[in-house]
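# Notes for the structure review
Here is what each chain is made of, one letter per residue.
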Amino acid sequence: MNIKRLVIPLLFMSMVFSSARAQETIMNDLSYLYMEKLVAVAKANYPRVQSFNHRIEIAKSNVASQKLSWLDPIGFSYVARSNRNTVDIIDPAILTGYQFGISINPGSFLRKPGAIKAAKEELKISLLEQKEYELQLESEVKRRYLIYLQSLNNLRLQTKMVMDAESVFKDLRIRYEKNEITFQEYTNASMSISSAYQGKISAETALISAKTSLEELLVKKLEEIK
């Protein structure tokens, strides 16, 4: 077996592994404080969170309205009768002046405590649904933030690999021009650097996609959040 034909693949593998070791963790970029700030921004701006806030306000208003409607089943009335010297056979008034009356609808009166309780329960449900969604939103923001950091570090890795591949390819091209390596070896090196370029393009696309996905929940650009 020609030893020289093993040199180029091993050289590129060594280049990849050395680059990977240099970028093997995202912990250097991870900031829990910044992550919590992203969660706070999402809770303040995401439209669905706003809809939950409005729903809660409606539920609170309904509770207040039910409490204030305690007097609805009770009716008040009055009749004014003037002093008269003649007797009206059709409507003989025994009393004169203002007469007041109170009427009560027992059915509505008895249903009122249940209506108030139902309104309070609806408010509790709205609050619990809001809390549940905020927990889901918080989890999703953190997940997308980690994917963004992963994509960012992967792009750094691919960029380093391209730089190393360009350096190796430049050296091999000089050696090829000096007839120190075969055309097949030179072609393999060319294919390797093309693969490195493609890897970088894929990493750039993944980073843009991850950033856009995270900003969707924030309703802001990451650059605006410090």
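Looking up the protein chain in an unreviewed UniProt entry gives the name TolC family protein, with the organism given as Arcticibacter tournemirensis. UniProt's Sequence similarities (unreviewed entry) comment on the protein chain is quoted here verbatim: "Belongs to the outer membrane factor (OMF) (TC 1.B.17) family."

As a further point, take the nonpolar core. Grouped together as the largest cluster of nonpolar side chains are 25 residues, with contacts concentrated most on L38, L137, V141, Y145, Y148, L214 and L218. Residues within four places of L214 in sequence aside, it is in contact with L38, V141, R144, Y145, Y148 and L222. In this structure, V162, A165, F169 and A196 belong to the second largest nonpolar core, which totals 10 residues.

Let us look at helix 3 (residues 47-68). Here helix 3 is 22 residues long and its end C-alpha atoms lie 32 Å apart, about the 32 Å a rise of 1.5 Å per residue gives. All of the buried residues along helix 3 are V49, F52, I56, A59, V63 and Q66. Projected onto a plane normal to the axis of helix 3, the buried residues spread over an arc of 100 degrees and lie on a single side. Residues of helix 3 that are exposed and angled more than 90 degrees away from the buried face: P47, H54, I58 and L68.

This paragraph deals with unusual backbone geometry. Located in the positive-phi region is N179, a residue other than glycine, with phi close to 60 degrees. One can find N179 in the loop between helix 4 (106-177) and helix 5 (183-218). The class of N179 is exposed, set by a relative accessible area of 69%. Despite not being glycine, V219 has its phi angle at roughly 55 degrees, a positive value. Assignment of secondary structure puts V219 in the segment after helix 5.

This next bit is on the packing of aromatic side chains. Taken as a whole and assessed by the stated rule, the structure comprises 5 aromatic pairs. In this structure an aromatic cluster arises from ring pairing among F169, Y176, F183 and Y186. A cation over a ring is seen here: R55 above F52, with NZ or CZ 5.0 Å from the ring centre.

If you check helix 2 (residues 32-45), its first and last C-alpha atoms are 20 Å apart, about what 14 residues at 1.5 Å a residue would give, namely 20 Å. For helix 2, the set of buried residues is M35, L38, V39, V41 and A42. Angularly, the buried residues of helix 2 cover 160 degrees about the axis, an arc narrow enough to put them on a single face.

With that out of the way, let us pick up the packing of helix 2 against helix 3. Packing of helix 2 against helix 3 leaves a shortest axis separation of 5 Å and a crossing angle of 55 degrees. As summarised for this structure, helix 2 and helix 3 are arranged oblique, according to the angle between their axes. Contacts between helix 2 and helix 3 involve A42, K43, A44 and N45 from the first element and P47, V49 and Q50 from the second. For the contact of helix 2 with helix 3, the per-class residue count stands at 4 nonpolar, 2 polar and 1 charged.

Packed helix pairs are characterised by how far apart their axes lie and by the angle those axes make with each other. Relative to each other, helix 2 and helix 5 sit at 55 degrees, their axes nearing to 7 Å. Classed by the angle they form, the pair helix 2 and helix 5 counts as oblique. Residues L38, V41, A42 and N45 of helix 2 touch helix 5, and the partners they reach there are L214, L217 and L218.

A few words on the confidence of the model for the protein chain. Per-residue confidence for the protein chain gives a mean pLDDT of 80; residues scoring 70 or more make up 70%. Across the protein chain, helix 2 holds the top mean pLDDT of 96, while helix 1 (residues 4-22) sits lowest at 49.

To continue, consider the environment of I193. Here I193 is to be found in helix 5. By relative accessible area, I193 is classed as buried at 7%. Here the alpha-carbon distance between I193 and M163, two residues 30 residues apart in the chain, equals 9.4 Å. When residues no more than four places from it in sequence are discounted, the contact partners of I193 are A165, E166 and F169.

Let us now look at the environment of I147. In this fold, I147 is placed in helix 4. Separated by 63 residues in sequence, I147 and A210 place their C-alpha atoms 6.4 Å apart.

Here is what the cut-offs are and how they apply
- Residues numbered from 1 in each chain as written.
- Predicted model: local features only at pLDDT ≥ 70, side-chain atom pairs only at ≥ 80, totals over all residues.
- Heavy atoms only, no water.
- UniProt positions renumbered as here; feature names shortened; annotations may be inferred.
- Core = buried A, V, L, I, M, F, W, Y, C linked by side-chain atoms within 4.5 Å.
- Buried < 20%, exposed > 50% of the residue type's maximum accessible area, 1.4 Å probe, protein only.
- Contact = heavy atoms within 4.5 Å.
- Helix = DSSP H or I, 4+ residues; strand = E, 2+ residues; numbered from the N terminus.
- Expected span 1.5 Å × (residues − 1).
- Arc of directions from axis to C-beta.
- Phe/Tyr/Trp six-rings, centres within 6.5 Å; stacked < 30°, edge-to-face > 60°.
- Lys NZ or Arg CZ within 6 Å of the ring centre and 35° of its normal.
- Axes fitted to C-alpha atoms, helices over the stretch in contact; angles between N-to-C directions.
- Parallel < 35°, antiparallel > 145°, perpendicular 65-115°, else oblique.
- Nonpolar A, V, L, I, M, F, W, Y, C, P; charged D, E, K, R; others polar.
- pLDDT = per-residue confidence, 0-100.

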